[in-house]
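Inside the fold
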Amino acid sequence: MRPQKGDEEAKEEERSPAEKDKNDGEFNEEWKEYQSSGKWGNLSLSDIIIAVVVLIICIVGILVVVFVVFADGSSSDSDPSSAFASPTMAPTLSDAGRREEGLQLIRFVSPETSFPDTPEELANGVSAVAQRRAAKWVIWDDDTPVTDEFFLFRYALATLYFSTDGPNWADNQNWLTSPDTCSWNGLVCSFGDLIDIDLSDNNLNGPIPVELSLLFQVKVFRMMNNKLSGVIPYEHFAMIDDLTTLRLDNNPGLVGQLSLDLLKNGNIYQFTAGGTGLTGNVPLAYCFLPYLTVECTIIQCGCCDGNMCA
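The numbers attached to residues start from 1 for each chain and follow its sequence in the written order. Local features in a predicted model are, by the rule used here, given only for residues with pLDDT of at least 70; side-chain atom pairs are given and counted only at 80 or more, and totals for whole chains, interfaces and linings are based on all residues. Only hydrogens and water are set aside when side-chain values are computed; all heavy atoms of the structure are taken into account.

Regarding the packing of aromatic side chains
Whether two aromatic rings pair depends on their centres lying within 6.5 Å, for rings of Phe, Tyr and Trp, where Trp uses its six-membered ring; planes under 30 degrees apart make the pair stacked, over 60 edge-to-face, and the rest tilted. According to the stated counting rule, one finds 10 aromatic pairs in the structure shown. Relative to Phe153, the ring of Phe150 lies with its centre 5.4 Å away and its plane at 80 degrees, an arrangement referred to as edge-to-face. Note on Phe150: relative accessible area 27%, which makes it partly exposed. For every residue, the accessible area obtained with a 1.4 Å probe (protein chains only) is divided by the maximum for its type, and the residue is called buried under 20%, exposed over 50%, and partly exposed between those limits. You can call Phe153 buried: its relative accessible area is 3%.

A word on the state of the cysteines
For the purposes of this analysis, a disulfide is any pair of cysteine sulfur atoms at a distance within 2.5 Å. This structure, assessed with the given rule, holds one disulfide. Covalent S-S linkage joins Cys182 and Cys189, the inter-sulfur distance amounting to 2.1 Å. On the sign convention where negative is left-handed, the bridge of Cys182 and Cys189, at about -95 degrees about the S-S bond, is left-handed. A residue is classified by how much of its surface remains accessible, and Cys182, at 27% relative accessible area, is partly exposed. Residue Cys189 is classed as partly exposed on the basis of its relative accessible area, which comes to 25%.

What about helix α6 (residues 130-141)?
Put simply, DSSP H or I for four residues or longer makes a helix, DSSP E for two residues or longer makes a strand, and each gets a number counted from the N terminus. How far a helix is expected to stretch is found by multiplying one less than its residue total by 1.5 Å. Over its 12 residues, α6 extends 15 Å from the first C-alpha to the last, a length consistent with the 16 Å expected when each residue adds 1.5 Å. A large share of α6 lies buried, amounting to nine of its 12 residues. Of all the positions in α6, only Ala130, Gln131, Arg132, Ala134, Ala135, Trp137, Val138, Ile139 and Trp140 are classed as buried.

What about a nonpolar patch on the surface?
Like-charged residues are merged into a patch within 9 Å and nonpolar side chains (Val, Leu, Ile, Met, Phe, Trp, Tyr) within 5 Å, provided each residue has over 30% relative accessible area and no salt bridge. Here, Shrake-Rupley sampling with a 1.4 Å probe gives the accessible areas, and only protein chains in the shown set may cover a residue. We define a salt bridge as a contact between a side-chain nitrogen of Lys or Arg and a carboxyl oxygen of Asp or Glu at a distance within 4 Å. Together, Ile48, Val52, Ile56, Val60, Val64, Phe67 and Val68 line one region of the surface with nonpolar side chains, adding up to about 620 Å² of accessible area. Tracing the backbone through its elements, the reader meets Ile48 in helix α3 (residues 45-78). With relative accessibility at 36%, the residue Ile48 sits in the partly exposed group.

Notes on the packing of helix α4 (residues 96-109) against helix α7 (residues 151-163)
Two numbers describe how α4 lies on α7: the axes approach to 11 Å, and their chain directions differ by 65 degrees. Between α4 and α7 the crossing geometry is right-handed. The residues of α7 that touch α4, namely those facing Arg98, Gly102, Leu105, Ile106 and Val109, are Phe151, Leu152 and Tyr155. For helices, the fitted line uses only the C-alpha atoms of the stretch in contact; every axis is such a line through C-alpha atoms, and the angle between N-to-C directions lies from 0 to 180 degrees. By definition, turning the near helix anticlockwise from the far helix through less than a right angle yields a left-handed crossing, and turning it clockwise yields a right-handed one. Contacts are assigned to residue pairs that have any heavy atoms within 4.5 Å of one another.

Some details on the environment of Ile232
Looking at the element boundaries, Ile232 is found in the loop between β7 (227-231) and α8 (234-238). On the accessibility criterion, Ile232 (2% relative accessible area) is buried. Remark: the alpha-carbon pair of Ile232 and Leu262, spanning 30 residues in sequence, is separated by 9.6 Å. Those residues in contact with Ile232 that lie beyond four places of it in its chain are Phe237, Leu248, Leu254, Val255, Phe271 and Leu278.

Digging into unusual backbone geometry
Backbone geometry places Asp201, a non-glycine residue, at a positive phi of 50 degrees. Looking at where Asp201 falls in the secondary structure, it is placed in the loop between β4 (193-198) and β5 (205-207). At Asn225, a residue that is not glycine, the phi angle is positive and equals roughly 55 degrees.

Let's talk about the pairing of strand β3 (residues 187-190)
In this structure, β3 lies alongside β4, joined through four bridges in antiparallel fashion. Counterpart to Ser190 in the pairing with β4 is Asp193. For two strands to count as paired, DSSP must find a minimum of two bridges between them.

Quick look at the structure:
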């Protein structure tokens, strides 16, 4: 069976050669006119190009809007803490969410201290221990978001400041005032990481806070020639994996005995505590440290050299 021809094909065959030549001639005339004038009918080439460009811009704009709306919706759904993530958000009393979040975090890392819910109770009266004053500063006065990795880092430094009478240090320049901790006196940074704390000869007066264990990047602590007191928190210093040097010479108020806990991080190679009130025995493991200084006139030491265990 022969396939039937469509209406258009049939009409094409019915056209006479003269009609075909006439139509072809009309097309050729229009084409010649376009080549000479640059217009196709009432539209010029520039009109066509502008229309195409406008169309492309509209399509791209629609796609961008759709993408932004979709991305914003996805990030809001996946990050429930985004309300606390703005680095410019100031910790005000009306910011109950940030306040509660910060207190919970600090209560977790400082379980031996109780923390009231108001800044007045944290900073005043008999409750004004170093940890509470530091909590009041980092939550109410500082502008670091709770979700920031340096929130606890700044809390630990504030605890050291208040525990050792920071307002009366010989030099407390920029402490608790500059947002850049690397600019605080005695803090040495490398590529933005705090690696060295040197507060020697600076009138530090008080106990060493256990919260220093939160300073996980620090390699060197130098706090010689001050008025530090109490027991050295050996176990908490050992929690700083990269810590290599701990120098506490000439702090007569430091008491207690040397502990093997300090050596648990495996990286300590220098410990100096001459001129302190340490007593008891020097554990044998300390004798293998490349640099060790304690007073053998007070401490029994199996690796003594003269009056110093070195």
